[in-house]
Amino acid sequence: MSRVVYVNGRWRPHRDATVHVEDRGYQFADGVYEVCEVRGGRLVDERRHTERLLRSLAALRIPLPLPIPALSVVLHEAVRRNRLTDGILYLQVTRGVARRDHGFPPAGTRPSLVVSARRIDPVQTERTAQAGIAVITLPETRWARVDIKSISLLPNVLAKQAAREQGAREAWFVDRDGYVTEGASSNAWIVTGAGAVVTRPLGPDILPGITREVVKDALRAETLTLDERPFTVAEALGAKEAFVTAASQIVMPVVRIDGQPIGTGIPGPVAAALRRIFHHHAEFS
Ligand code: PDD
């Protein structure tokens, strides 16, 4: 089965799925994206991902390329045409193709829309979750509006690479006051000695993760204590558990931070439980 990608109204073979060199995404990282989990051939939390997309587009004043119902058809078509059972959908909207000029292109320039699908091996992901992942920390170097899901990800790219080079899978950014903001591609959480689940509150300094929202629902249902407040690296190092959340990983236990074991050094019960029950609280379409 060959992969196909939606590019501005056409379904193209993956190897030919190209955009113009003067696409503003290519030249200015002038665009936004979404990553949505596909599980059992269905989209997970499409509604919330669509809402966040609209929010990101509005923040950057990029027009919506298709009406929402048509966009939903494209997303489901991407799953169907790629015969995707488990994996992710990647959706990107940029301000379109125009002569290079920093200011916005002429009114009427059509935004570009790309939707691709990729299989993720659930067995492999589960194996990773059983073992837990290592995280490094590094100074926050991103811009002041990372709540917008922009494709401008250079600090995230460098952070992730630094993590890889140190044998870790994720990097946590730390703000000037020593508090963890979030991961290079995930939200950051800890579980305190008293059993409270802690994550940074929403604001311009973290992405409002969809997985984060669903985990909050799960915590409420399980009557676990949620404490939305910033936490320091020192507190994380002394925590009982740590984990990250993202659409591509759901709830992923963290067992080492900067080389030091967290809790018992193996995935903890809270992260494991949240991972197990997550999809009971998610919406499928
Ligand atoms: N990343 N924070 C950042 C910086 C992210 O890039 C992501 C997601 C999240 C978690 O958001 P959500 O739960 O909605 O996936 C938080 C995606 C998966 C990515 O870039 O691949």
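Residues numbered from 1 in each chain as written. Predicted model: local features only at pLDDT ≥ 70, side-chain atom pairs only at ≥ 80, totals over all residues. Heavy atoms only, no water.

Student: Describe the pairing of strand β1 (residues 4-7), and please don't skip the residues or the numbers.
Tutor: Both faces of β1 are covered, namely the face carrying V4 and Y6 and the face carrying V5 and V7. Pairing of β1 with strand β2 (residues 10-13), which is carried by four bridges, proceeds in the antiparallel orientation. Paired with V7 across the bridge in β2 is R10. What sits between β1 and β2 in their antiparallel hairpin is a turn of two residues, with N8 showing a positive phi close to 45°. (Buried < 20%, exposed > 50% of the residue type's maximum accessible area, 1.4 Å probe, protein only. Helix = DSSP H or I, 4+ residues; strand = E, 2+ residues; numbered from the N terminus. Pairing = 2+ DSSP bridges.)

Student: Pulling in residues and values, what's your account of the site of the ligand?
Tutor: Within the structure, the ligand sits among 20 residues, and Y33, R52, E182, T211 and A247 are positioned closest to it. One nitrogen or oxygen atom from the side chain of R52 is found 2.8 Å from an oxygen atom belonging to the ligand. Here the ligand loses 90% of its free accessible area of 480 Å² to cover by the protein chains. Breaking the shell around the ligand down by element, the ones donating at least two residues are β3 (31-39), β9 (180-183), α6 (210-221) and β13 (241-246). Looking at the shell around the ligand residue by residue, the class counts come to seven nonpolar, nine polar and four charged. Each of two domains, domain 1 (4-120) and domain 2 (125-281), supplies a minimum of three residues to the shell around the ligand. (Near = heavy atom within 4 Å. Polar contact = N/O pair within 3.5 Å; in protein donor to acceptor, adjacent residues only side chain to side chain. Areas by Shrake-Rupley, 256 points an atom, 1.4 Å probe, with all protein chains shown as cover. Nonpolar A, V, L, I, M, F, W, Y, C, P; charged D, E, K, R; others polar. Domains from an automatic or database assignment.)

Student: Could you give an account of the sheet that holds strand β4 (residues 42-43), with specific residues and numbers?
Tutor: Strand pairing in a sheet relies on backbone hydrogen bonds, with the paired strands running either antiparallel or parallel. Taking strand neighbours across the sheet as the criterion, the six strands line up as β2-β1-β6-β5-β3-β4 in an open arrangement whose pairing is antiparallel. Single-partner strands in this sheet number two, and they are β2 and β4. Inspection of the sheet shows β3 paired to strand β5 (residues 87-94) by eight bridges, in the antiparallel sense. Paired with V38 across the two strands is G87, which belongs to β5. Contacting β3, β4 and β5, helix α2 (residues 46-60) crosses the sheet at an angle of about 175° to β3. (Contact = heavy atoms within 4.5 Å. Axes fitted to C-alpha atoms, helices over the stretch in contact; angles between N-to-C directions.)

Student: Give a description of the pattern of salt bridges that names residues and reports values.
Tutor: This structure, assessed with the given rule, holds 23 salt bridges. D45 serves as the salt-bridge partner of R48, at 3.8 Å between the closest nitrogen and oxygen. A residue is classified by how much of its surface remains accessible, and R48, at 15% relative accessible area, is buried. Assessed through its relative accessible area of 2%, D45 is described here as buried. Of the charged contacts, one joins R229 and D227 as a salt bridge, the two residues approaching to 3.1 Å between their closest N and O atoms. Salt bridges linked by common partners bring D45, R48, D217 and R220 together as one network. (Salt bridge = Lys/Arg side-chain N within 4 Å of Asp/Glu carboxyl O.)

Student: Can you explain the domain arrangement of the protein chain? Please cite residues and give values.
Tutor: Examined at the domain level, the protein chain breaks down into domain 1 (4-120) and domain 2 (125-281). Look at where the C-alpha atoms of domain 1 and domain 2 centre, and you get two points 26 Å apart. Each partner contributes residues to the interface: domain 1 has 24 residues there, and domain 2 has 22 residues. In this assembly, domain 1 packs against domain 2 so that about 1800 Å² is buried in total across both faces, 63% of it on carbon and sulfur atoms. For domain 1, the biggest contributors to the area lost against domain 2 are Y33, R48 and R52; these three give 35% of the whole. At the boundary of domain 1 with domain 2, the tally comes to two salt bridges. Residues D217 and R48 are paired through a salt bridge, measuring 3.3 Å at the closest nitrogen-oxygen approach. At the boundary of domain 1 with domain 2, the tally comes to eight residue pairs in polar contact (both at pLDDT 80 or more). Secondary structure elements with two or more residues in the side of domain 1 that touches domain 2: β3, α2 and β5. (Buried area = accessible area lost by both parts, 1.4 Å probe.)

Student: With reference to specific residues and values, describe the packing of aromatic side chains.
Tutor: For the structure shown, the criterion picks out four aromatic pairs. Between Y6 and W11, the ring centres sit 5.3 Å apart and the planes meet at 70°, which makes this aromatic pair edge-to-face. The exposure class of Y6 is buried, given its relative accessible area of 8%. Using a relative accessible area of 23% as the deciding quantity, one classes W11 as partly exposed. A centroid spacing of 5.9 Å and a plane angle of 70° characterise the contact between W172 and F231, whose relative ring orientation is edge-to-face. Taken together, the positions of W172 in strand β8 (residues 170-174) and F231 in the loop between β12 (226-228) and α7 (233-237) put the pair 59 residues apart, joining distant regions of the chain. Geometry around F104 places R95 over its ring, the cationic atom sitting 3.7 Å from the centre. (Phe/Tyr/Trp six-rings, centres within 6.5 Å; stacked < 30°, edge-to-face > 60°. Lys NZ or Arg CZ within 6 Å of the ring centre and 35° of its normal.)

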